[in-house]
Amino acid sequence: MELIEKLNWRFATKAMNGQKVPQEKVDKILEAARLAPTSSGLQPFEIIVVTNQEIKEQIKPNAWNQPQVTDCSHLLVFAAWDNYTEERINNMFDLTNDIRGFKNEGWENYRQMLLGTYPQRSAEENFTHAAKQAYISFGAAIIAAAFEEVDSTPMEGFSPEAVDEILNLKEKGLKSVLLLPIGYRDSSNDWLVNLTKVRKSKEDFITEVN
Ligand SMILES: Cc1cc2nc3c(=O)[nH]c(=O)nc-3n(C[C@H](O)[C@H](O)[C@H](O)COP(=O)(O)O)c2cc1C
């Protein structure tokens with residue numbers, strides 16, 4: 001299948017069959033998420049991979065009782081930084097210098113510009129910005145899962161506070177933003193599997209300015 005065929009094949013799976021996704025495929029999905037671009041390259045979020053069935057059971061009632069939370073193979077929790085601090089910004093700039101093996105004046109000026117802007121803003125504004133970056137990675141993971149012919153369900157339908165509590169995210173300075181159960185569709189119990197995909201027409205979606 002070509003990528004576009006796979007994107008037509010994928011859907012927000014409503015029922016999963018509990019089958020395990022091979023680790024090699026999970027790794028590729030996570031790698032696509034890690035390689036996603038982010039604003040200033042800060043990657044202000046982490047992914048928690050939950051395979052522990054008891055933890056999944058605890059999360060499910062806090063996620064509208066959606067069965068995919070427990071019937072998936074791996075539950076990916078995208079959790080964003082609760083704030084941008086000087087330390088967090090410096091860590092990413094230092095990492096860039098370490099990996100590239102040199103310091104660049106333009107890059108150092110850019111570091112100072114961010115240090116003079118982000119930490120002064122409210123935690124709420126910074127978390128919102130960080131969460132937006134997590135969505136980009138989330139999209140990459142969804143597409144990578146489809147490419148690997150692994151089903152997934154993008155989920156905002158959960159209580160972030162409850163999930164943060166279950167996974168002890170507060171002490172890591174993280175707040176859950178999105179859930180992505182990955183696994184395999186249970187076609188006989190999934191009401192959505194045979195319904196036609198609905199998208200706006202290209203005409204309503206794309207405006208060409210020539
Ligand atoms: C950010 C986001 C949050 C979503 N939250 C849920 C959810 O909690 N539960 C669910 O079953 N589907 C959820 N969906 C799935 C959407 O309803 C679905 O992607 C959309 O209707 C398009 O259908 P398709 O993905 O099957 O092509 C979510 C999708 C996105 C992108």
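A brief structural summary. (Residues numbered from 1 in each chain as written. Predicted model: local features only at pLDDT ≥ 70, side-chain atom pairs only at ≥ 80, totals over all residues. Heavy atoms only, no water.)

Those residues of helix H6 (residues 105-115) lying buried are Glu108, Arg111, Leu114 and Leu115. Projected down its long axis, H6 shows its buried positions confined to an angular sector of 120°, all on one face. Where H6 is buried, its residues meet helix H5 (86-100). Two to three positions downstream of the cap, the backbone nitrogen of glycine 106 sits 2.9 Å from a side-chain oxygen, assigning the N-cap of H6 to asparagine 104. (Buried < 20%, exposed > 50% of the residue type's maximum accessible area, 1.4 Å probe, protein only. Helix = DSSP H or I, 4+ residues; strand = E, 2+ residues; numbered from the N terminus. Arc of directions from axis to C-beta. Contact = heavy atoms within 4.5 Å. Polar contact = N/O pair within 3.5 Å; in protein donor to acceptor, adjacent residues only side chain to side chain.)

What follows is about the environment of aspartate 164. Inspection of the secondary structure assignment puts aspartate 164 in helix H8 (residues 160-166). Taking relative accessible area as the criterion, aspartate 164 reaches 12% and is therefore assigned buried. Residues aspartate 164 and valine 77, 87 residues apart in the sequence, show an inter-C-alpha distance of 9.9 Å. Every residue in contact with aspartate 164, bar those within four places of it in the chain, is listed here: Leu169, Lys170, Leu174, Lys175 and Ser176.

Attention shifts here to the packing of aromatic side chains. If you walk through the whole model with that rule in mind, you get seven aromatic pairs. With a centroid separation of 5.3 Å and 85° between ring planes, the pair formed by phenylalanine 78 and phenylalanine 138 is classed as edge-to-face. Within this pair, whereas phenylalanine 78 is found in strand S2 (residues 74-81), its partner phenylalanine 138 is found in helix H7 (residues 123-147), the two being separated by 60 residues in sequence. A single burial state applies to phenylalanine 78 and to phenylalanine 138, both of which are buried. With a centroid separation of 5.8 Å and an interplanar angle of 25°, the aromatic rings of tryptophan 107 and tyrosine 110 are classed as stacked. (Phe/Tyr/Trp six-rings, centres within 6.5 Å; stacked < 30°, edge-to-face > 60°.)

Close to the ligand lie 13 residues, the nearest being Arg10, Lys14, Gln66, Lys197 and Arg199. Between an oxygen atom of the ligand and a side-chain N or O atom of arginine 10, the distance comes to 2.7 Å. In the environment of the ligand, a nitrogen atom lies 3.0 Å from a nitrogen or oxygen atom belonging to the backbone of glutamate 156. (Near = heavy atom within 4 Å.)

Let's shift gears to the layout of surface pockets. For the largest pocket, the calculated volume is near 300 Å³. What lines the largest pocket is a set of 14 residues, among which Gly41, Gln43, Met92, Leu95 and Thr96 lie closest to the centre. Counting residues per element, the lining of the largest pocket draws most heavily on H5, at five residues. Looking at side-chain class alone, the lining of the largest pocket contains seven nonpolar, five polar and two charged residues. Composition of the lining of the largest pocket by domain shows at least three residues from each of domain 1 (2-84 + 122-205) and domain 2 (87-120). Roughly 220 Å³ of volume is contained in the second largest pocket. Surrounding the second largest pocket, Leu30, Glu31, Ala33, Arg34, Gln43, Phe45, Glu46, Ile47, Trp81 and Ser137 form its lining. Within the residue set of the lining of the second largest pocket, elements represented by two or more residues are helix H2 (23-34) and strand S1 (45-50). The biggest single contributor to the lining of the second largest pocket is H2, with four residues. Of the residues that constitute the lining of the second largest pocket, the class distribution is five nonpolar, two polar and three charged. (1 Å grid on protein atoms, 1.4 Å probe; cavity = no way out; pocket = protein on both sides within 12 Å on 5 of 7 lines; lining within 4 Å. Points joined across faces, edges and corners; volume = space filled by probe spheres on them. Nonpolar A, V, L, I, M, F, W, Y, C, P; charged D, E, K, R; others polar. Domains from an automatic or database assignment.)

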